[in-house]
Amino acid sequence: MRIIKGVGLLLLGAVLLFFSVKIVLGAPETTDRINSAIQIKNGKMATENEGKLVSVSGTLQPALPLVDPLNGVELPTIHADRKVQAVKGKTVDNKIIFTWEPVNGKTLINDPAFVSTPLAAEAKLGDFIVDPKLIMQLNAGIVFSDYDLANLDSVGINAFQQSKLDTVYLSPEDSIPVGDSLSAANEGKMRIEYTIVDPNDPLEYTIIGIQKGNNLIPDEEIALSNSVHKGIANTQEVAESSKATTWGGAGLAFALAALSIFFGIRVFRQ
């Protein structure tokens, strides 16, 4: 068991070290690629930029409300995360206990299945329709609870508030267990929680992508995390910001790699 643990830590460290080196080596190419983007003025589309890398700045204009294709729930946000949980049993110390467990699906956007998924509204930036993969880069970290009760009633969804907390869960069922006191009778019960983009976000962004028809789509040579930048910026400012983010990510990966290798070696010396 000790050997397996040590080997596992060493392998994890090697993988993290590989990715940190890969990030550092790719950073100059990403910076040059971003700097090569055509700066679009006033969000106006030009036919001569078809298929080219462009940089578009402005205020995102989403088609609201965002409607969840699973259940018709309306959300006043450009991007949300649907988090689905179900009561499942698992064996711990030869006893079966029941807990709320996440229900994960495929990495789809706006998945209509009863699974956790990111949701994105159709949104425009100037003349461009922004690809949902780019919209997903906005931080949807605010737990939402201010639901339109008339909307919930019309789509047959019930709201349940977690006692002593502000969290509101939704479910098509008439009742779900509240709290963590769960039993076999609760197995299979499901609940949904949504997190959204900060309602106070002015939605002013600079997005780097490929102009394809009326759409702004991701560039395969630039990571999605480096394609969307908060605020209005020129390509040089975006490139510098991406460089800082890239070096920060590489530094974190290297530090974790060093720790994994250190503890892996320490396990073998015990």
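Not measured: the values here are computed from a predicted model. (Residues numbered from 1 in each chain as written. Predicted model: local features only at pLDDT ≥ 70, side-chain atom pairs only at ≥ 80, totals over all residues. Heavy atoms only, no water.)

A. Here's a closer look at the overall build of the protein chain. Summing up its helical and strand segments, the protein chain has 4 helices and 17 strands in all. By the burial criterion, 40% of the 270 residues in the protein chain qualify as buried. For the protein chain, the proportion of contacts with a sequence separation of at least 24, taken over those separated by at least 6, is 67%. Only carbon and sulfur atoms are counted for the fraction: they give 56% of the accessible area of the protein chain, which is about 15200 Å². (Helix = DSSP H or I, 4+ residues; strand = E, 2+ residues; numbered from the N terminus. Buried < 20%, exposed > 50% of the residue type's maximum accessible area, 1.4 Å probe, protein only. Contact = heavy atoms within 4.5 Å. Areas by Shrake-Rupley, 256 points an atom, 1.4 Å probe, with all protein chains shown as cover.)

B. Quick look at the pattern of salt bridges. Tallied over the full model, the rule gives 6 salt bridges. For Asp-68, the salt bridge goes to Arg-82, with nearest N and O atoms at 2.6 Å. Of the two residues, Asp-68 sits in the loop between strand E4 (66–67) and strand E5 (74–75) while Arg-82 sits in strand E6 (residues 79–92), which places them 14 residues apart along the sequence. One exposure class covers both Asp-68 and Arg-82, and it is buried. With a shortest N-O distance of 3.0 Å, Asp-201 and Lys-230 are connected by a salt bridge. (Salt bridge = Lys/Arg side-chain N within 4 Å of Asp/Glu carboxyl O.)

C. Structural view of the pairing of strand E2 (residues 53–59). Taken across its 7 residues, E2 has 6 buried, putting it largely inside the fold. One ladder, built from 7 bridges, connects E2 with strand E15 (residues 204–212); its direction is antiparallel. In the strand pairing of E15, Val-54 is matched with Gly-209. (Pairing = 2+ DSSP bridges.)

D. Geometry of the pairing of strand E14 (residues 190–196). Of all 7 residues in E14, 7 are buried; the element is thus mostly enclosed. Side chains of E14 alternate between two faces, with Met-190, Ile-192, Tyr-194 and Ile-196 and Arg-191, Glu-193 and Thr-195 buried alike. With 7 bridges joining them, E6 and E14 adopt antiparallel strand pairing. Bridge pairing in E14 links Ala-80 to Ile-196. Bridge count between strand E11 (residues 142–143) and E14: 2 bridges; the pairing is antiparallel. Bridging across to E14, Ile-142 finds its partner in Ile-196.

E. Spotlight on the packing of aromatic side chains. Scanning the model with the defined rule gives 2 aromatic pairs in all. Seen in terms of ring centroids, Phe-144 and Tyr-147 are 4.8 Å apart; in terms of plane orientation they differ by 80°. Their pairing is edge-to-face. We note that Phe-144, like Tyr-147, is buried. Clustering of aromatic rings is evident, with ring pairs tying together Phe-144, Tyr-147 and Tyr-194. One Lys or Arg, Arg-191, reaches over the ring of Trp-100 and ends 4.0 Å from the middle of that ring. Just above the ring of Tyr-169 sits the side chain of Arg-191; from NZ or CZ to the centre is 3.8 Å. (Phe/Tyr/Trp six-rings, centres within 6.5 Å; stacked < 30°, edge-to-face > 60°. Lys NZ or Arg CZ within 6 Å of the ring centre and 35° of its normal.)

F. Summary view of unusual backbone geometry. Cis geometry is found at the peptide bond from Leu-64 to Pro-65, where omega equals 0°. Along the chain, Pro-65 turns up in the loop between strand E3 (61–62) and E4. A positive phi is found at Leu-203, a non-glycine position, where the angle reads about 60°. Within the secondary structure, Leu-203 is located in the loop between E14 and E15. Take Leu-203: its relative accessible area is 13%, and that puts it in the buried class.

G. Fine view of the environment of Glu-173. Mapping Glu-173 onto the fold places it in the loop between strand E13 (168–171) and E14. The sequence separation of Glu-173 and Arg-191 amounts to 18 residues, and the corresponding C-alpha distance is 8.7 Å. In terms of polar contacts, Glu-173 uses its side chain to reach the side chain of Lys-189, at 3.1 Å. (Polar contact = N/O pair within 3.5 Å; in protein donor to acceptor, adjacent residues only side chain to side chain.)

H. Structural detail: the side chain of Arg-82. A relative accessible area of 1% means that Arg-82 is categorised as buried. Among the polar contacts listed, one links the side chain of Arg-82 to the backbone oxygen of Asp-111, at a separation of 2.7 Å. For Arg-82, the side chain forms a polar contact with the main-chain oxygen of Ala-113, separated by 2.8 Å.

I. Region of the structure containing the environment of Pro-202. Locating Pro-202 in the fold gives a position in the loop between E14 and E15. Here Pro-202 falls in the exposed class, since its relative accessible area comes to 52%. On a C-alpha basis, the gap between Pro-202 and Thr-59 in space is 7.4 Å, while along the polypeptide they are 143 residues apart.

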